[in-house]
Amino acid sequence: MSTMYCFQCSREYAEDVSACVECGVDLVEEAPTPPEEVGTADEAQVAYEMHDWSFEARSRAERLLTEAGVVHGWQGPMLIVREADEEQVDALVEQAEAEGDATPSLDPDVDKIGYAMDDWTDDARSALVTALNLNDVRHEFDEDGELLVAEDDEEVVDAIITAITEKLALEEELGEATTEMEGLQLNDLLGDVRGLAQKLVKNPGDAKATIAIVSKAGLLADVRTPFGFDSRRWAAIRKGGADMKSVLSDEDRTEEDVVDAAGTLRGLLENVV
Ligand SMILES: [Zn+2]
């Protein structure tokens, strides 16, 4: 059975899956090129910010670039190409835009509500648009940058906004993660932390596990969202690591505190490794 890939997040799928559950875009047959590997080290890159494109339009751009044999990668909804290919890519991006609606648009006749987006960062906006597309919420941004949706979608949009806002608040509380970790190293860390958490659930007085998990959970709390992870879920895992470490650093902790924090952390890592 061959594997399919999400061109945006590199997540792998079985061949009978057609779109990425995380990004909404169509899957492709070839493993995508990581954005840092587009061009040689001394070749300049250019980026096309496409977060306000529909995922159908981004999928079209991906297909046209692949058909034309243009080296390219994606950083989420941002397309990365070599500067040397800029002219050709401009033309292909234009074609992708012309072949259908680039942005899902609202029915002009429905009652709409607006959301001010003034204090939203680009990343937050991009996460919002992805979530709206995944939930089939038609939307537009007006000339002031305000988000417009149909009144009927208010409930689902409120829920999406709450989830994204909570994630951002969590990230702010934890601070920006600085450690990049992938592959085996990441799997080992996640497996170790889960195993140690399991030991503490059974025996919260386990001194060896306590020492080992303090450093590993602290490290976990500083790992940036790895490729293929939902950023909201990852923020919760980081928080679980940070809480574990802080409970164990508290001299007045009770065994119950340790079991609670370890149980939560183990639960967060349940289906991850
Ligand atoms: Zn994806």
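Report on the accompanying structure. (Residues numbered from 1 in each chain as written. Predicted model: local features only at pLDDT ≥ 70, side-chain atom pairs only at ≥ 80, totals over all residues. Heavy atoms only, no water.)

1. Let's talk about the sheet that holds strand 4 (residues 45-49)
So, step 1. Spatial ordering of the open sheet is given by 4-6-5, a layout of three strands whose pairing is antiparallel. Only two strands of the sheet have a single partner each, and these edge strands are strand 4 and strand 5 (72-75). Strand-to-strand twist across the sheet, computed as the mean angle between neighbouring axes with direction ignored, equals 25 degrees.
So, step 2. Sheet topology note: the strand 5/strand 6 (residues 78-82) ladder contains four bridges and is antiparallel. (Pairing = 2+ DSSP bridges. Helix = DSSP H or I, 4+ residues; strand = E, 2+ residues; numbered from the N terminus. Axes fitted to C-alpha atoms, helices over the stretch in contact; angles between N-to-C directions.)

2. A short note on the side chain of Thr130
So, step 1. Relative to the elements of secondary structure, Thr130 occurs in helix 3 (residues 122-134).
So, step 2. Residue classification places Thr130 among the buried positions, given a relative accessible area of 18%.
So, step 3. Thr130 has contacts with Glu22 and Cys23, leaving out every residue within four places of it along the chain. (Buried < 20%, exposed > 50% of the residue type's maximum accessible area, 1.4 Å probe, protein only. Contact = heavy atoms within 4.5 Å.)

3. Section: the sheet that holds strand 3 (residues 27-28)
So, step 1. Taken together, the three strands give an open sheet; going across it, the order is 2-1-3, and neighbouring strands pair in antiparallel fashion. The open sheet terminates on both sides in strands that have one partner only, identified here as strand 2 (12-14) and strand 3.
So, step 2. Relative to strand 3, strand 1 (residues 3-6) runs antiparallel, the two sharing two bridges. Within strand 3, the residue paired with Tyr5 across the bridge is Val28.

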